[in-house]
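# Architecture at a glance
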Amino acid sequence: MMKKISQVILIILVIIVTFLVQIYLLGDLKLFGVRPNLILVEVIIISMLKPKKVSITLSCVIGFFCDIIFEMRLGKNIIFYLIITLLILSFNNKYRKDSKMAIVCVTGIATLVFEFMQLIMYIFSEEDMINIFSFTKQVLIQELLNIGLAYIMCKVFNKSIIRKNSVEIGR
Amino acid sequence: MGYLGITRKRKPKKSKKVGLIVSIIAVIILIIVFSKIKVPGVSNISEAIITGITNIAKTTKGLFSDGFGYFGSVKALKEEKVALEKQVGDLKYKLLEVNTLETENESLRVKLQIKERYNHFNLVYADVIFRNYDNWNDIFVINQGSDAGILEKQAVIAENGLVGYISEVSKNTSTVKTIISPNVAIGVEIASVNKNSLAKGDFSLKDEGNLKLTYIPIDTEISVSEIVYTSGIGDVYPKGIPVGTIKKVVNKKNEIDRYAIIAPLVDIQNVNNVAIIVK
């Protein structure tokens, strides 16, 4: 029971830190005007490494916080992050989780899908078309930045998982 | 040894005694004579020796006294270190206070400038809390909401000009959509020609922080560096707020299609103090 509570507290702390880093650190880190999306990367990593139920719950929680903090209305981010999680879970058994190539591919595909969803949302809400070259440029830079972040985060997560496993084996 | 084993006693030599007395007298005479005559170099040598000895004595004395002084003052030094550390801590705290006051001062100065420049408007001042991570729109959140009288679609300004409009309002916070966000349209007036036009946020210009001036009236000559003001057409932006300067004019084959790029007068991506025009 205590172990579960501590795990929940740890996850909440990780989410809070992610939001703070995204808002106050990565907000100014722009490459050609494009910011990396650490929150999306976190959803991707969780979906890759955690069990199905935990992944779905956490993506909904993260989407919920995003809607409350940034949009001031519920819906958009919960749906987007849930779709990303379901997409990753659908081909979760088809790759090795510790493979570097898998991290690159999954992050790349998930970012692409996320940006397309944003595009569709933009076209419907603003009733406006955008320059395809600008969109392509944004997607490519976003993918590059997100893959870099995912790679770093995966290394950290994998290290903690390996340490945890070794402790359990030692017991 | 003498003849028949009889030892013969030797007489003490008188000459030896005399010699001794003579040599003593000679030494005394020599001393007296040398004391009267100055031999060059001797005084220098003795002076050097004396000075050297004195110096050695002095140095040794100094060394000993300093050495004992050093060991004796370790405690005092430690106390001094603690006192200095406390002083450094106090100074650091004061510096932090000064920095906070400086930031506050800067914020108040900006607000005062806005008040002086736009004194004909009813204003509510606010600070930017954070910016959205979204790459699709340029949005930030401010620390004033409906409690301060803010409503949706009210214009947001900074000291140099227009920033955007209120897109969402909650009790204590509001979301501001800036003029460089795609599809944000502003009715503008080109100052030199008094002709109305439309400034619009563009997805491809958002990264550079610029916006597009479209529907430029035919036969209107516009040039770079001209200032564009809000025209007051529409409900959101009151007339006469500076929007930006014309950065580039892009001419097309068809004159209707020509457009210009506007650089906002406010550094929108880094603005921290704003005011909302409350109607």
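## Topic: the sheet that holds strand S10 (residues 242-250) of chain B
All names here are of chain B. Spatial ordering of the closed barrel is given by S6-S7-S8-S11-S10-S9, a layout of six strands whose pairing is antiparallel. In this sheet, neighbouring strand axes are inclined to one another by 40 degrees on average, regardless of whether the strands run parallel or antiparallel. Across three bridges, the pairing between strand S6 (residues 185-190) and strand S9 (residues 227-230) is antiparallel. Paired with glutamate 189 across the two strands is tyrosine 229, which belongs to S9.

## Here we look at the sheet that holds strand S1 (residues 123-131) of chain B
Spatially, S1-S2-S5-S4-S3-S12 (chain B) is the arrangement adopted by the six strands of the closed barrel, whose pairing is antiparallel. Taking the axes of each pair of neighbouring strands and ignoring which way they run, one obtains an average angle of 45 degrees across the sheet.

## Considering the confidence of the model for chain B
Close reading of the predicted structure is inappropriate where its pLDDT is low. Residues and elements named next belong to chain B. Averaged over all residues, the pLDDT of chain B equals 80, while 80% of them reach at least 70. Helix H1 (residues 14-36) is the least confidently modelled element of chain B, averaging 73 in pLDDT, while strand S3 (residues 155-158) averages 92, the highest of any element. Note on residues 1-6: pLDDT is under 50 here. Beyond four places in sequence and across chains, it has zero contacts. Under the prediction, the complex receives an ipTM of 0.75, its pTM being 0.68.

## A look at the layout of surface pockets
Counted as a void, the second largest pocket has a volume near 790 Å³. Lining the second largest pocket are 33 residues, with Glu126 of chain A together with Tyr165, Ser167, Glu168 and Lys177 of chain B sitting closest to its centre. Ranked by residues supplied to the lining of the second largest pocket, first place goes to helix H5 (residues 100-126) of chain A with five residues. For the lining of the second largest pocket, the class distribution of residues is 15 nonpolar, eight polar and ten charged.

## Some remarks on the packing of aromatic side chains
A complete count under the given rule lists ten aromatic pairs over all chains for this structure. Here the aromatic rings of tyrosine 122 of chain A and tryptophan 136 of chain B are separated by 5.7 Å at their centres, their planes lie at 45 degrees, and the arrangement is tilted. One end of the pair, tyrosine 122 of chain A, is in helix H5; the other, tryptophan 136 of chain B, is in the loop between S1 and strand S2 (139-142), on a second chain. Each of the two residues, tyrosine 122 of chain A as well as tryptophan 136 of chain B, counts as buried. Each ring, one from tryptophan 136 of chain B and one from phenylalanine 203 of chain B, has its centre 5.1 Å from the other, and the planes form 45 degrees; the classification is tilted.

## Digging into empty space enclosed by the protein
All chains considered together, the criterion is met by four cavities of 30 Å³ or more. Each pocket or cavity is described by its volume, and for the largest cavity that value is around 100 Å³. Every residue lining the largest cavity is counted, 16 residues in all, and those nearest its centre are Asn37, Phe114 and Gln118 of chain A together with Tyr133 and Asp134 of chain B. For the lining of the largest cavity, the secondary structure elements donating two or more residues are helix H3 (52-71), helix H4 (76-90) and H5 of chain A. Here the residues of the lining of the largest cavity are counted per class, giving five nonpolar, six polar and five charged. By volume, the second largest cavity amounts to about 70 Å³.

## Comments concerning the confidence of the model for chain A
Per-residue pLDDT for chain A has a mean of 82; in total, 90% of the residues score no lower than 70. When pLDDT is averaged over each helix and strand of chain A, the minimum, 75, is found for helix H6 (residues 132-170) of chain A and the maximum, 90, for H4 of chain A.

## Structural notes on the interface of chain B and chain A
Contacts between the two partners involve 24 residues from chain B and, on the opposite side, 32 residues from chain A. Looking at the side of chain B facing chain A, the largest losses of area belong to Tyr133, Asn135 and Trp136 of chain B, adding up to 36% of the total buried there. For the interface between chain B and chain A, the tally reads one salt bridge. The residue lysine 137 of chain A makes a salt bridge to aspartate 207 of chain B at a minimum N-O spacing of 2.8 Å. Linking chain B to chain A there are five residue pairs in polar contact (both at pLDDT 80 or more). Split into classes, the residues belonging to the side of chain B that touches chain A amount to seven nonpolar, nine polar and eight charged.

## Topic: the packing of helix H1 (residues 2-25) of chain A against H3 of chain A
All names here are of chain A. Where H1 contacts H3, the two axes come as close as 12 Å, and the packing angle between them is 40 degrees. Classed by the angle they form, the pair H1 and H3 counts as oblique. Every pair of crossing elements has a handedness; the one defined by H1 and H3 is right-handed. Taking contact as the criterion, the partners of Ile11, Ile15, Phe19 and Ile23 in H1 are, on H3, Leu58, Val61, Ile62, Phe65, Cys66, Ile69 and Phe70. For the contact of H1 with H3, a count of residues per class yields eleven nonpolar, no polar and no charged.

## Re the pairing of strand S11 (residues 259-264) of chain B
Residues and elements named next belong to chain B. When you tally the buried positions in S11, you get five out of six residues, the bulk of the element. Pairing between strand S8 (residues 211-214) and S11: three bridges, direction antiparallel. Bridge pairing links lysine 212 to isoleucine 261 in S11. Bridge count for S10 against S11 is six bridges, and the pairing is antiparallel. Across the sheet, isoleucine 246 pairs through a bridge with isoleucine 262, a residue of S11.

## Section: helix H2 (residues 38-49) of chain A
Residues and elements named next belong to chain A. Its twelve residues place the ends of H2 16 Å apart at the C-alpha level, agreeing with the 16 Å of an ideal helix rising 1.5 Å per residue. Across the twelve residues that make up H2, a large majority, twelve, are buried. For H2, every residue scored as buried is listed here: Leu38, Ile39, Leu40, Val41, Glu42, Val43, Ile44, Ile45, Ile46, Ser47, Met48 and Leu49. Sitting at the head of H2, asparagine 37 places a side-chain oxygen 3.3 Å from the backbone nitrogen of isoleucine 39.

Analysis parameters
Residues numbered from 1 in each chain as written. Chains lettered and ligands numbered in written order. Predicted model: local features only at pLDDT ≥ 70, side-chain atom pairs only at ≥ 80, totals over all residues. Heavy atoms only, no water. Pairing = 2+ DSSP bridges. Helix = DSSP H or I, 4+ residues; strand = E, 2+ residues; numbered from the N terminus. Axes fitted to C-alpha atoms, helices over the stretch in contact; angles between N-to-C directions. pLDDT = per-residue confidence, 0-100. Contact = heavy atoms within 4.5 Å. 1 Å grid on protein atoms, 1.4 Å probe; cavity = no way out; pocket = protein on both sides within 12 Å on 5 of 7 lines; lining within 4 Å. Points joined across faces, edges and corners; volume = space filled by probe spheres on them. Nonpolar A, V, L, I, M, F, W, Y, C, P; charged D, E, K, R; others polar. Phe/Tyr/Trp six-rings, centres within 6.5 Å; stacked < 30°, edge-to-face > 60°. Buried < 20%, exposed > 50% of the residue type's maximum accessible area, 1.4 Å probe, protein only. Buried area = accessible area lost by both parts, 1.4 Å probe. Salt bridge = Lys/Arg side-chain N within 4 Å of Asp/Glu carboxyl O. Polar contact = N/O pair within 3.5 Å; in protein donor to acceptor, adjacent residues only side chain to side chain. Parallel < 35°, antiparallel > 145°, perpendicular 65-115°, else oblique. Left-handed = near helix turned anticlockwise from the far one by under 90°. Expected span 1.5 Å × (residues − 1).

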